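A look at the structure
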Amino acid sequence: MLHRMLLAFAFLAAAATIPRAAHAQDNAVRFEIRSVGDSTFTFAAPSAPWVAKGQKGIAVDPRRRDGLVARFVVLGVADGVANALILGQSQKVTTDHVVLMRPPRSHWYASRRFWFGALGGAVAGFVAGKSF
C-alpha cells in the first residue's frame, strides 16, 4: 500500500516538473490599419472574433522597432472591421502603423491544466484513501 502511495507521489512530482511554454512570451496579435480619421481609425480583424467594443490596444510603428504611436479603445466591430477611438498619441497615426491587441484570457475552469490537476488530485486522493 505504501508503495502505491509513493509511486503516485513520484508520478505527480514528475508531472509537475515537465517543461511548459514560457508565459513571458508576448501573445499580442497584429492588425493592419485600414483608414485614419482625425481621432479615429479602422483596422481589419476578420480572423479575430474576440475583438469587441470596449477593448483597449496600442498602435505601433513597425519601422521603429514597434515604437508606441497611440493608445486606443474599440468603439465597435462590423463585418470584421473595427472602429477605434484614439485616447492618446505620440505621433499621428497612419496606415503604415499596425495595431497590437492581446486576446482575452480564458477562464480558469476552461483550461486543460485545471482539469488535469483536478483529475490527478482525485486519483491521488483515491489511492491515498485506499491505502489506509
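Within any chain, residue numbers begin from 1 and follow the written order of that chain's sequence. In keeping with the predicted nature of the model, local features appear solely for residues at pLDDT of at least 70, side-chain atom pairs appear and are counted solely at 80 or more, and the whole-chain, interface and lining totals rest on all residues. Only hydrogens and water are set aside; all other atoms, that is, all heavy atoms of the structure, feed into the side-chain values.

1. Side note on unusual backbone geometry
Its identity is not glycine, yet Arg-65 carries a phi of approximately 55 degrees, on the positive side. Strands are runs of DSSP state E lasting at least 2 residues, helices are runs of H or I lasting at least 4, and numbering of each runs from the N terminus. Following the sequence through the fold, Arg-65 ends up in the loop between β3 (56–61) and β4 (67–78). Exposure remark for Arg-65: the relative accessible area of 82% places this residue in the exposed category. With phi around 55 degrees, Asp-79 is a residue other than glycine that occupies positive phi space. Note on placement: Asp-79 falls in the loop between β4 and β5 (81–89). The buried label applies to any residue whose accessible area, calculated with a 1.4 Å probe on protein chains only, is under 20% of its type's maximum; exposed applies above 50%, and partly exposed to all values in between.

2. Digging into the nonpolar core
Counting 18 residues, the largest nonpolar core has Phe-31, Phe-41, Phe-43, Val-51, Phe-72, Val-99 and Met-101 as the members making the most contacts within it. Taken together, the elements giving at least two residues each to this core come down to β1 (29–36), β2 (40–44), β4, β5 and β6 (98–101). Considering every element that reaches this core, the biggest residue donor is β4, with four residues. Take the buried Ala, Val, Leu, Ile, Met, Phe, Trp, Tyr and Cys residues and link them wherever side-chain atoms come within 4.5 Å; each set so joined is a nonpolar core.

3. Describing the pattern of salt bridges
Opposite charge on two side chains lets them pair, provided their charged atoms get close. Each reported salt bridge corresponds to a side-chain nitrogen of Lys or Arg within 4 Å of a carboxyl oxygen of Asp or Glu. As enumerated under the stated definition, the model contains four salt bridges in all. In this structure, the salt-bridge partner of Arg-64 is Asp-61, at a minimum N-O distance of 4.0 Å. Taking the relative accessible area as the measure of exposure, Arg-64 reaches 59% and is therefore exposed. Look at Asp-61 and you get buried, because its relative accessible area is 3%. Of the charged contacts in the structure, one is a salt bridge between Asp-96 and Arg-63, with a shortest N-O distance of 3.9 Å. Highlighted residues: Asp-96 in the loop between β5 and β6 and Arg-63 in the loop between β3 and β4, separated in sequence by 33 residues. Judged by relative accessible area, which is 46%, Asp-96 ranks as partly exposed. Owing to a relative accessible area of 62%, Arg-63 belongs among the exposed residues under this scheme.

4. A short note on a nonpolar patch on the surface
Patches here: salt-bridge-free residues with over 30% relative accessible area, like charges joined within 9 Å, nonpolar side chains (Val, Leu, Ile, Met, Phe, Trp, Tyr) joined within 5 Å. Note that accessible areas follow from Shrake-Rupley with a 1.4 Å probe, and for residues the cover is restricted to the protein chains shown. On the surface, a cluster of nonpolar side chains totalling about 500 Å² of accessible area is made up of Trp-108, Tyr-109, Phe-114 and Trp-115. Summarising the element assignment, Phe-114 is placed in helix α2 (residues 112–131). A relative accessible area of 31% means that Phe-114 is categorised as partly exposed.

Take it as geometry only, folks, not as evidence of what the structure does.
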